[in-house]
Amino acid sequence: MSACFTLRFKMIHRVLRCAFQLPGPSVIRLQPMCVAVGEQNPPCGTLETTKEYMFVERLIPPTRVPVPPRHDGPAPSGWAPPSDVPPSLPYMVRRSRMHNIPVYTDISHGNRRTTVLRRVEGDIWALDGAVKELLKRLTGTDRSTQVNEVTMSIRIKGHYDKEIKEWLMQKGF
Amino acid sequence: MSLIKKPGGKALDVLQNLPRITLANLRPEPGSKQKEKRRGRGQYGGNRSGRGHKGERQRGTRPRLGFEGGATPFYLIIPKYGYNEGHSRRPQYQPLSLKRLQYLIDVGRLDPSQPIDLTQLVNARGVTIQPQKRDFGVQLVDEGAELFSAKINIEVQRASEAVIAAVERNGGVLTNSFYDPISLAILIKPVPFFLRGQPIPKRMHPGEEMVPFYMDPCARGYLAPPEQVQQARLALAKKYGYVLPDLSRDELFHMLSSRKDPRQIFFGLSPGWVVNMADRKILKPTDEKLVQYYGS
């Protein structure tokens, strides 16, 4: 296999003095590029446009969240896009700004673990019932939940983010 | 199907139908407020007010925390040892797991068809580097090595053997390269640097302790000779039991084999150049001495 290709920068050798180093009377100017006094001229150096500027454009950070590319089924990391047709249920859970499922874990006082399910729309009490049923099936106990109708979110006692994310993704949200 | 989002729901119905809420109508949930303990009042709070009987306890003249009545206390009898000595001079590397890297590629925040270096990772908001907190770059961690399946040309500052194997198994290329703190600050935030109008500086070489690591072909150091790196790739493939894909037949071979010069900070841009973002131009020096300095 061939060796790695290293990018070497090109040197352009010219005999010129920079405009801001005021030359004395004994200096011979071969190519008076930076001549006129009082003229707003660029500093001595060749100006190279777009040819290398594309490398600079690559470095500028994007300001908007990019649209994820299309995948056939779940991606290798486990991420999957929402299904094109929203599921026919009385509730809806939208994706976050970064195209993820809005389930988050929270800890207060060092030992109080909760899971928050945000961005709910529609009949939140039906979703609450479904979540309770899911957790009853998984853990065998009744997990207490809190429904906040103003922010349209559900807070569940305990860390169940992985299970709920999987369940929502499998539903197609 | 249309879902009407009705924030408030039942609570809003209750609010609309009951009389106006005023201070006279409100009361805390029974059991939520517990009365505070008032010392020195009544039959049980009075008498000694919870201070005990005589002595330093009642009189409030107990000695300092850690005092053991005159015996050499625990915190003085244990000898000192420099566990944390020089902690603020130790280089730190922000971890990035292969699982997160795969996630960033899947969601489209990282472009695998271009070489991935620290600028691309920071632009994708995949890691946050703080050069002021002794961060020297990013390290790849092998969590998620089994589910990693992207072919990339990635440049990090530290990577373990398992990570290198995971990347090369999928036909990718990994390089460990060094950035001194000034170059690192420029690398993670190129736009504010270009707006300063200063020429791109040369990247400095690593210090004495780090040179062996960056010259080690097994660690894919950027200063290691390419032939030894190739031998190390074959050896690692044998060790981890996978077939090393032949990169020379790949259509992305040019991208996968592109690497930065040891003195270069950005791909395609040499030290000494000044970037003019307003006019979309690059100025290059022509003075002999400058060219010689930036070329060394």
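Look above for the structure.
A brief look at the structure comes next. (Residues numbered from 1 in each chain as written. Chains lettered and ligands numbered in written order. Predicted model: local features only at pLDDT ≥ 70, side-chain atom pairs only at ≥ 80, totals over all residues. Heavy atoms only, no water.)

### Focus: the environment of Pro-199 of chain B
Residue and element names in this part refer to chain B. Within the secondary structure layout, Pro-199 lies in the loop between helix H9 (190-196) and helix H10 (211-214). Between the alpha carbons of Pro-199 and Lys-284 there is a distance of 8.8 Å; along the sequence they are 85 residues apart. Residue contacts for Pro-199: discarding those within four places in its chain leaves Phe-193, Gly-272, Trp-273, Val-274 and Tyr-294. (Helix = DSSP H or I, 4+ residues; strand = E, 2+ residues; numbered from the N terminus. Contact = heavy atoms within 4.5 Å.)

### A word on the pattern of salt bridges
Taken as a whole and assessed by the stated rule, the structure comprises 14 salt bridges over all chains. A salt bridge links Lys-136 of chain A to Asp-142 of chain A; the shortest N-O distance between them is 3.4 Å. What makes Lys-136 of chain A partly exposed here is its relative accessible area of 42%. Two residues, Arg-249 of chain B and Asp-246 of chain B, come together in a salt bridge whose shortest N-O distance is 3.4 Å. It is possible to trace a salt-bridge network through shared partners that takes in Asp-117, Glu-155 and Lys-260 of chain B. (Salt bridge = Lys/Arg side-chain N within 4 Å of Asp/Glu carboxyl O. Buried < 20%, exposed > 50% of the residue type's maximum accessible area, 1.4 Å probe, protein only.)

### Looking at helix H5 (residues 98-107) of chain B
A large share of H5 of chain B lies buried, amounting to 8 of its 10 residues. Here the buried face of H5 of chain B lies against strand S1 (92-97), helix H6 (118-123), strand S2 (135-141), strand S3 (153-156) and helix H7 (161-169) of chain B.

### Description of the pairing of S2 of chain B
Residue and element names in this part refer to chain B. Along S2, 5 of the 7 residues are buried, which leaves the element largely enclosed by surrounding structure. By the bridge criterion, 2 bridges tie S2 to strand S4 (residues 158-159) in an arrangement that is parallel. By the bridge assignment for S4, Gln-139 is matched with Arg-158. (Pairing = 2+ DSSP bridges.)

### Focus: the sheet that holds strand S8 (residues 153-157) of chain A
Residues and elements named next belong to chain A. Here we have 4 strands laid out as an open sheet, ordered S4-S5-S8-S7, and antiparallel in their pairing. Two strands in the sheet have a free side with no partner beyond their single neighbour: strand S4 (103-108) and strand S7 (145-148). Going across the sheet, the axis of each strand differs from the next one's by a mean of 25 degrees, ignoring polarity. Across 6 bridges, S4 lies against strand S5 (residues 112-117) in antiparallel orientation. Counted as the bridge partner of Val-103 is Leu-117 from S5. In the packing of helix H3 (residues 161-171) onto the sheet, contacts are made with S4, S5 and S8, and the angle to S4 comes to roughly 165 degrees. (Axes fitted to C-alpha atoms, helices over the stretch in contact; angles between N-to-C directions.)

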